[in-house]
Amino acid sequence: MAQVEYKDLLDAGVHFGHLTRKWDPRMAPYIFMEKNGIHIIDLNKTLASIDEAAAAMKGIVRSGRKVMFVATKKQAQEIVTEEARRLKMPYVTDRWLGGMLTNFATIRKSLKKMQGIEKMMKDEATYKSLAKRERLTVYREKEKLERVLGGIADLTRLPAALFIVDVKREHIAVAEAKRLGIPVFAMCDTNSNPSDVDYPIPANDDAYKSIRLITLAIGKAIEEGLLERKQDKDDQRLQEEEEAKRAEDVKTAKAEGETAVDAEEEISPVVAEEAEEQED
């Protein structure tokens, strides 16, 4: 499990919330105190929330399902993109298209269109046969689709969970996931509503260091889940091989036993004839 310590959270500024006048009262259970007009987040609650979220995330990934990373704010885009790519998970860091989950069939059509353009551009003969203006139009369309949908190009079905940075900013993604019953793991600052998500992690969602620390902690849990899944698959394969070998051994032993019985049946008449001759 991802080991995040109290000092790590403190150094990353995870405890800094928003101005007290911008707070959401539903975050009250996660607020430790008020200082200089700013709410301070209770880091003990943050640690507990990280452990709970990491354990649940690990279980989801171990079952072989995908987790989508969502973070469109500038300070979160780089770290979220890097971590999602490292783990080979889908991600959205440019902008959330309305209906990305609830209208997934249409999104799949756009993905197929993007793949079709890529295939055409790789075919030099076809691509070069286009007029210069047409090539430019195709290239721009490809760039636009890649920017918005590039992170989910390999997604063939709905993700099993969402990890979100800034619930308030990504409220459309949260609403769509909620409607479809997809669990949401999210960083919740003092201006957010934690009841909108299944696994809220009270933390500063504006500072790069804070976002990086929480994202890497969740990423570590996903990585462990992937490793355990691989181990489970290896164990299952070995078990199947052992069972197949055992079945083959039983089959061989049975065949050898039947051969021995047949040999005895062939020898018996000869022995009987010899016995009769001796009696005569």
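- Named according to an unreviewed UniProt entry, the chain is Small ribosomal subunit protein uS2 originating from Larkinella punicea.
- Word for word, the UniProt comment on the chain under Sequence similarities (unreviewed entry) is "Belongs to the universal ribosomal protein uS2 family."

Quick notes on the layout of surface pockets
- Empty space within the largest pocket amounts to approximately 380 Å³.
- For the lining of the largest pocket, the per-class residue count stands at 10 nonpolar, 4 polar and 6 charged.

Focus: the side chain of glutamate 170
- In this structure, glutamate 170 sits in the loop between strand 6 (161-165) and helix 7 (171-180).
- No salt bridge is formed by the buried glutamate 170; the nearest opposite charge belongs to arginine 169, separated by 4.0 Å.
- A polar atom in the side chain of glutamate 170 sits 2.6 Å from the side chain of threonine 72.

Details of the nonpolar core
- Core analysis: the largest hydrophobic core is formed by 36 residues, its most contacted members being Leu9, Val67, Phe69, Phe163 and Ile222.
- Breaking this core down by element, the ones donating at least two residues are helix 2 (43-62), strand 4 (67-70), helix 3 (74-87), strand 6, strand 7 (184-188) and helix 8 (208-279).
- Considering each element in turn, this core owes the most residues, 8 residues, to helix 2.
- Here phenylalanine 69 is in contact with Val80, Ala84, Leu87, Met89, Pro90, Tyr91, Val92, Phe163, Thr215 and Ile222, once residues within four sequence places are set aside.
- The next biggest cluster of nonpolar side chains, apart from the first, holds 35 residues, and it includes Val92, Phe104, Ala153 and Ala186.

Notes on unusual backbone geometry
- One non-glycine residue with positive phi stands out, namely asparagine 36, at about 55 degrees.
- For asparagine 36, the location among the structural elements is in the loop between strand 2 (31-35) and strand 3 (38-41).
- Of note in the backbone geometry, lysine 88 takes a positive phi value of approximately 60 degrees without being a glycine.
- The topology assignment puts lysine 88 in the loop between helix 3 and strand 5 (91-92).
- Owing to a relative accessible area of 66%, lysine 88 belongs among the exposed residues under this scheme.

A look at the domain arrangement of the chain
- Domain annotation of the chain identifies domain 1 (18-95 + 162-223) and domain 2 (102-157).
- Here the C-alpha centre of domain 2 lies 31 Å away from the C-alpha centre of domain 1.
- Contact residues are listed per partner, giving 13 residues for domain 1 and 7 residues for domain 2.
- Residue aspartate 94 is joined to arginine 147 by a salt bridge in which the shortest nitrogen-to-oxygen separation is 3.7 Å.
- Elements with a minimum of two residues in the side of domain 1 that touches domain 2: strand 5 and helix 7.
- The greatest single-element share of the side of domain 1 that touches domain 2, amounting to 3 residues, is contributed by helix 7.
- Its residues assigned to classes, the side of domain 1 that touches domain 2 shows 6 nonpolar, 1 polar and 6 charged.

What counts, and at which threshold
- Residues numbered from 1 in each chain as written.
- Predicted model: local features only at pLDDT ≥ 70, side-chain atom pairs only at ≥ 80, totals over all residues.
- Heavy atoms only, no water.
- UniProt positions renumbered as here; feature names shortened; annotations may be inferred.
- 1 Å grid on protein atoms, 1.4 Å probe; cavity = no way out; pocket = protein on both sides within 12 Å on 5 of 7 lines; lining within 4 Å.
- Points joined across faces, edges and corners; volume = space filled by probe spheres on them.
- Nonpolar A, V, L, I, M, F, W, Y, C, P; charged D, E, K, R; others polar.
- Helix = DSSP H or I, 4+ residues; strand = E, 2+ residues; numbered from the N terminus.
- Buried < 20%, exposed > 50% of the residue type's maximum accessible area, 1.4 Å probe, protein only.
- Lys, Arg positive; Asp, Glu negative; His and termini not counted.
- Salt bridge = Lys/Arg side-chain N within 4 Å of Asp/Glu carboxyl O.
- Polar contact = N/O pair within 3.5 Å; in protein donor to acceptor, adjacent residues only side chain to side chain.
- Core = buried A, V, L, I, M, F, W, Y, C linked by side-chain atoms within 4.5 Å.
- Contact = heavy atoms within 4.5 Å.
- Domains from an automatic or database assignment.

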